[in-house]
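Coordinate inspection notes
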Amino acid sequence: FAYPDQPEKMILKDISITIPSGAMIGVFGRTGSGKTTLLRLIARSFNPPKGSICIGGLDICTFDLKSWRKKLSFVPQRPFLFSDTIQGNIALEDTFLEKDIERVVSLASLKQDLDAFEKGLDTIVGERGIMLSGGQRQRVALARGLYKENSLILLDDILSAVDHENEARLVSTLNEISQDGNTCFIVSNRVSAFRYASLILVLEQGRLVDSGTHEELIKREGIYQETYHAQREVS
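The structure contained in this document is the topic of the report that follows. The structure presented is a predicted model; accordingly, all values stated were derived computationally and were not measured. (Residues numbered from 1 in each chain as written. Predicted model: local features only at pLDDT ≥ 70, side-chain atom pairs only at ≥ 80, totals over all residues. Heavy atoms only, no water.)

1. Some thoughts on a nonpolar patch on the surface
For the record, the criterion: Put simply, a patch holds well-exposed residues, over 30% relative accessible area, that have no salt bridge, with like charges counted together within 9 Å and Val, Leu, Ile, Met, Phe, Trp or Tyr side chains within 5 Å. A 1.4 Å probe and the Shrake-Rupley method give the accessible areas. Residues count as covered only by the protein chains that appear here. Salt bridges are defined by distance alone: a side-chain nitrogen of Lys or Arg within 4 Å of a carboxyl oxygen of Asp or Glu. The helix and strand labels rest on DSSP assignments: H or I over at least four residues marks a helix, E over at least two residues marks a strand, and numbering proceeds from the N terminus. Throughout, exposure labels follow a simple rule: accessible area from a 1.4 Å probe, protein chains only, divided by the maximum for the residue type, with under 20% read as buried, over 50% as exposed, and the rest as partly exposed.
Where nonpolar side chains cluster on the molecular surface, the patch consists of F80, F82 and L92 and spans about 270 Å² of accessible area. With respect to the helices and strands, the residue F80 is situated in the loop between β4 (72-75) and α3 (86-91). On the accessibility criterion, F80 (33% relative accessible area) is partly exposed.

2. Here's the deal with the pairing of strand β1 (residues 24-29)
Note the following rule: Strands pair, by our definition, only if DSSP identifies at least two bridges between them.
For β1, a buried count of 6 out of 6 residues is recorded, marking the element as mostly surrounded by other parts of the structure. Two elements, β1 and strand β7 (residues 199-204), share 5 bridges in a ladder whose sense is parallel. In the sheet register, F28 faces β7, and the bridge partner there is V202.

3. Things to note about the environment of I53
As a reminder, the rule being used: By definition in these notes, contact holds between two residues if any of their heavy atoms fall within 4.5 Å.
By the secondary structure assignment, I53 is in the loop between α1 (35-43) and β2 (54-55). As for I53 and I42, which are separated by 11 residues in sequence, their C-alpha atoms are 7.3 Å apart. Aside from chain neighbours lying at most four places away, what touches I53 is L41, I42, P48, L58, D59 and I60.

4. A word on the nonpolar core
Just so we agree on the cut-off: Each nonpolar core is a collection of buried residues, namely Ala, Val, Leu, Ile, Met, Phe, Trp, Tyr and Cys, held together in the definition by side-chain atoms within 4.5 Å.
Formed by 44 residues in total, the largest nonpolar core has its most connected members in F28, I90, L155, F194, I200 and Y224. Considering each element in turn, this core owes the most residues, 6 residues, to helix α6 (residues 134-147). Excluding residues within four positions of it along the chain, I200 makes contact with G26, F28, F194, D210, S211, G212, T213, H214, L217 and Y224. Membership of the second largest hydrophobic core comes to 23 residues, among which are F1, L41, A43 and L72.

5. A few points about the pattern of salt bridges
Proximity of charged atoms lets side chains of opposite charge pair with each other. Applying the stated criterion across every chain yields a total of 11 salt bridges. Among the ionic pairs, D100 bridges to K99, the shortest N-O distance being 3.5 Å. Judged by its relative accessible area of 22%, D100 is partly exposed.

Below, the structure written as structure tokens:
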């Protein structure tokens, strides 16, 4: 795959993998390795080459785009928040059940933050969420992504601004969600985010160079093992 404005620059190539449904999939690689592009193609933000991505043997390019988007939640690394309340940014609709909001607030590890806000869920976040920290914005976006209870969840590096304590909670939650039969893709530069992943895809320069579980990859020479040791030293 190459983006339309740079057709000569291949972003993804020579990738072949079968993903079981109801799995938690990690996507790891250096900046520019194609991680975000892979998620964008699954979400059909851009259409992949025909026949290159199939769900149950059916080419996703043959699916009605609106229907396909309704089946998935895609949370980008830099989510857009409206100058609205926290609950308004989560539900994105005028009518909602409070218990549904409370459910995803808990799943996204947001409750302790709401307790610190005088107006809680009615707090206005400001244009692009300026009143929130980076980690809070990412967790509001995650709560939004989980609100619809879609069976395919695509998370693009949404843990980058989250502290390690909240990361541990969120990764455990996402593992539970995948065990309920939902398929979850997590892009991250932190190998600790993949502790529960059924399968981790390691990308380098647009190619799939390795795959396996966290325990398997830290025992093999390669960029995953190198990053694992480097991040352990820092922490």
